[in-house]
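Reading the structure
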Amino acid sequence: LSFYRQTSSETPGVLNTDTEYITLITELRDTLYRLARSILANDAEAEDVVQDTLERAWTLRASIAESDYPRAYVCRIAHNIAIDRSRRLSKQSSFSEQLTSIGISDGRSKASISDMTAITLSLISRLPERQRIAIHMRDVEGYELEEIASMLECDQTSVRMNLSRARKSIREQL
């Protein structure tokens, strides 16, 4: 990856210049948006979280540069800001209201793929925080277990367990 140092005498995984840092942030912008969107379920709020994350990440760029997992560090910043914003808004609607809003009321109607996607995303949004973040980062964003473990501040076994429980919960509810 171009934003990692290239020389063997320097510590691997450390950003070398502000240009490499900006490249990292630019590459992460969509991921940050999707992560925030998965927590907040609101496009405008998710975009605000991205902006707040970019601002905070700029002030913390030295710490990010020294991190072994700079992508996970920035995603963790976005995650924390989104959770804070979610708590402030505290506008959680029930699962049945979400299903009704997309036109599925009693299971008799046939659900299209977009309806199933909406239902699955709704189920993911109702998972416990660690399960929700683990499944989003692994199955949606494609992060490796090691990076997710770093972001969630746990070991890889815990990440695998959270992924397994999240997938099982979703299967049972579908």
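Describing the packing of helix H1 (residues 18–40) against helix H4 (residues 70–89)
Taken N-terminus to C-terminus, the directions of H1 and H4 make an angle of 35 degrees; their axes are 9 Å apart at the nearest point. Judged by the sense of rotation from one axis to the other, the crossing of H1 with H4 is right-handed. Residue-level contacts link Leu24, Ile25, Leu28, Thr31, Leu32, Leu35, Ala36, Ile39 and Leu40 of H1 to Pro70, Arg71, Val74, Cys75, Ala78, His79, Ala82, Ile83, Arg85 and Ser86 of H4. In terms of residue class, the contact of H1 with H4 is built from 14 nonpolar, three polar and two charged.

A few points about the side chain of arginine 132
Tracing the backbone shows arginine 132 in helix H7 (residues 129–140). Despite its burial, arginine 132 pairs with no opposite charge, the nearest such side chain being glutamate 129 at 5.3 Å.

Remarks on the nonpolar core
Residues Cys75 and Met137 are the most contacted members of the largest nonpolar core, which totals 40 residues. Sorting the residues of this core by element identifies H1, helix H2 (43–59), H4, helix H6 (113–125), H7, helix H8 (145–152) and helix H9 (156–173) as the ones contributing at least two each. At nine residues, H1 tops the list of elements feeding residues into this core. Beyond its immediate sequence surroundings of up to four residues, methionine 137 is in contact with Thr31, Leu35, Cys75, Gly142, Tyr143, Ile148 and Met151.

Concerning H7
Relative to the 16 Å expected for 12 residues at 1.5 Å per residue, H7 spans 16 Å between its end C-alpha atoms, a close match to the ideal helical length. Those residues of H7 lying buried are Gln131, Arg132, Ile133, Ala134, Ile135, His136 and Met137. Glycine 142 occupies a position one or two residues after H7 and carries a positive phi of about 80 degrees.

A short note on the pattern of salt bridges
Considering all chains together, one arrives at nine salt bridges under this definition. The salt bridge partner of arginine 85 is aspartate 52, with a shortest N-O separation of 2.5 Å. With a gap of 33 residues between them, arginine 85 in helix H4 and aspartate 52 in helix H2 connect regions that are remote in the sequence. Arginine 85 gets classed as buried once you look at its relative accessible area, which sits at 14%. Put simply, arginine 167 and aspartate 139 hold a salt bridge, and the shortest N to O gap is 2.6 Å. Pair noted here: arginine 167 is in helix H9 and aspartate 139 is in helix H7, with a separation of 28 residues, a long-range link.

So, how was this worked out
- Residue positions are given per chain, counting from 1 as you read along its sequence in written order.
- This being a predicted model, a pLDDT of at least 70 is required before a residue's local features are given, and a value of 80 or more before pairs of side-chain atoms are given or counted; all residues contribute to the totals for chains, interfaces and linings.
- Side-chain numbers here rest on the full set of heavy atoms in the structure, without hydrogens or water.
- Only the stretch in contact is used when fitting a helix axis, every axis being a line fitted to C-alpha atoms; angles between N-to-C directions are given from 0 to 180 degrees.
- Strands here are runs of E lasting at least two residues and helices are runs of H or I lasting at least four, both read from the DSSP assignment and numbered beginning at the N terminus.
- The hand of a helix crossing depends on one turn: near helix anticlockwise from the far one by less than a right angle means left-handed, and clockwise means right-handed.
- When checking whether two residues touch, look at their non-hydrogen atoms; a contact exists if any pair is within 4.5 Å.
- All amino acids are sorted into three groups, where Ala, Val, Leu, Ile, Met, Phe, Trp, Tyr, Cys and Pro are nonpolar, Asp, Glu, Lys and Arg are charged, and the leftover types, Gly among them, are polar.
- Burial classes follow relative accessibility: with a 1.4 Å probe on protein chains only, a residue under 20% of its type's maximum area counts as buried, one over 50% as exposed, and anything between as partly exposed.
- For the charge count, each Lys or Arg is scored as positive and each Asp or Glu as negative, with His and the chain ends excluded.
- Definition used for salt bridges: Asp or Glu carboxyl oxygen within 4 Å of a side-chain nitrogen of Lys or Arg.
- What makes a nonpolar core is a set of buried Ala, Val, Leu, Ile, Met, Phe, Trp, Tyr and Cys residues whose side-chain atoms join them at distances within 4.5 Å.
- A helix is expected to span 1.5 Å for every residue after the first.

Everything listed here is a matter of geometry and, on its own, says nothing about what the molecule does.
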